[in-house]
Amino acid sequence: MNNDLLFDFKVDKAAKTVFITREFNAGQSLVWDAFTKAELLDQWGAPAPMRAKTKYMDFKVGGRRFYAMISPDGQERWSVQEFTSITPKTNFKMYNAFADKDENRELPGSEWDYNFSEQNGITKVSITIFNESFERLEKLLEGFKIGFTMTLKNLEDLLSSLS
């Protein structure tokens, strides 16, 4: 990992919110694609040794991504992401909920807000995750920082291979 690149992870339990900021040594357009195209998301979107598998993705306002993180022994952990706002290349928002294999959601979920900006070839991604309940925040945080840090490292490796 390039240690000059920013990586910040903060939790505000009172506000039930997680704030993540991460820089990548890649252009904004490529980083945007990595977050919004299923074929790229599936290459980095799960912490090893797990892998991500998108069943379908329709990246538009009101569209959804239905995907699983799959463990080496084949266990699947499904999630539904519903896109609520998209400003191409700079911002998208989604509602995320865990689900079963038939897309029945486990509520409550969380609201994710992604912001993308680029300066001198370095793209900064700022992610705000608001949880509807404190219990959801606690569930999300179980191993989340370690797992999300691993997936962002996967993304960094993928971006360097694509650049």
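Before reading further, recall that the structure is shown in the block above.
What counts as what
Residues numbered from 1 in each chain as written. Predicted model: local features only at pLDDT ≥ 70, side-chain atom pairs only at ≥ 80, totals over all residues. Heavy atoms only, no water. Helix = DSSP H or I, 4+ residues; strand = E, 2+ residues; numbered from the N terminus. Polar contact = N/O pair within 3.5 Å; in protein donor to acceptor, adjacent residues only side chain to side chain. Pairing = 2+ DSSP bridges. Axes fitted to C-alpha atoms, helices over the stretch in contact; angles between N-to-C directions. Contact = heavy atoms within 4.5 Å. 1 Å grid on protein atoms, 1.4 Å probe; cavity = no way out; pocket = protein on both sides within 12 Å on 5 of 7 lines; lining within 4 Å. Points joined across faces, edges and corners; volume = space filled by probe spheres on them. Nonpolar A, V, L, I, M, F, W, Y, C, P; charged D, E, K, R; others polar. Phe/Tyr/Trp six-rings, centres within 6.5 Å; stacked < 30°, edge-to-face > 60°. Buried < 20%, exposed > 50% of the residue type's maximum accessible area, 1.4 Å probe, protein only. Lys NZ or Arg CZ within 6 Å of the ring centre and 35° of its normal.

A. Here's a closer look at the environment of glutamine 43. Here glutamine 43 is to be found in helix 2 (residues 38–44). Between the C-alpha atom of glutamine 43 and that of threonine 151, which follows or precedes it by 108 residues, the distance is 9.6 Å. From its side chain, glutamine 43 meets the backbone oxygen of glutamate 39 in a polar contact 3.0 Å long.

B. How the structure looks around the sheet that holds strand 7 (residues 105–119). If you walk across this open sheet you meet the eight strands as 1-2-8-7-6-5-4-3, and the pairing is antiparallel. Two strands close off the open sheet at either side, each with one partner strand: strand 1 (7–12) and strand 3 (51–57). Direction aside, the axes of adjacent strands within the sheet are offset by 20° on average. Bridge analysis of strand 6 (residues 91–99) against strand 7 gives eight bridges, and the strand direction is antiparallel. Opposite phenylalanine 98, over in strand 7, you have glutamate 106 as the bridge partner. In the packing of helix 1 (residues 28–36) onto the sheet, the strands contacted are strand 2 (17–24), strand 3, strand 5 (76–87), strand 6, strand 7 and strand 8 (122–131), and the crossing angle to strand 7 comes to about 170°. Against the sheet, helix 4 (residues 144–162) engages strand 1, strand 2, strand 7 and strand 8, with an angle of about 25° to strand 2.

C. Summary view of the layout of surface pockets. As a volume, the largest pocket reaches approximately 720 Å³. Taken together, 29 residues line the largest pocket, and the ones lying closest to its centre are Tyr67, Met69, Phe98, Phe144 and Phe148. Within the residue set of the lining of the largest pocket, elements represented by two or more residues are helix 2, strand 4 (64–70), strand 5, strand 6, strand 7, helix 3 (134–141) and helix 4. Looking at the lining of the largest pocket residue by residue, the class counts come to 17 nonpolar, seven polar and five charged.

D. Molecular detail of the packing of aromatic side chains. Counting across every chain of the model gives 18 aromatic pairs. A ring pair is formed by tryptophan 32 and phenylalanine 59, whose centres lie 5.9 Å apart and whose planes are at 75°; its orientation type is edge-to-face. Residue tryptophan 32 is located in helix 1, and its partner phenylalanine 59 is located in the loop between strand 3 and strand 4; the two are separated by 27 residues in the primary sequence. Look at tryptophan 32 and phenylalanine 116: their rings are 5.1 Å apart centre to centre, the planes differ by 70°, and that puts the pair in the edge-to-face class. Here tryptophan 32 is found in helix 1, whereas its partner phenylalanine 116 is found in strand 7, with 84 residues between them in sequence. Accessibility classification places tryptophan 32 together with phenylalanine 116 in one group, the buried group. An aromatic cluster of three or more residues is present, and its members are Phe9, Trp32, Phe35, Trp44, Phe59, Phe83, Phe92, Trp112, Tyr114, Phe116, Phe144 and Phe148. Its guanidinium or amino end placed over the ring of phenylalanine 7, arginine 22 lies 5.9 Å from that ring's centre, counting from NZ or CZ. Residue placement shows arginine 77 over the ring face of phenylalanine 98; its charged tip is 4.3 Å from the ring centre.

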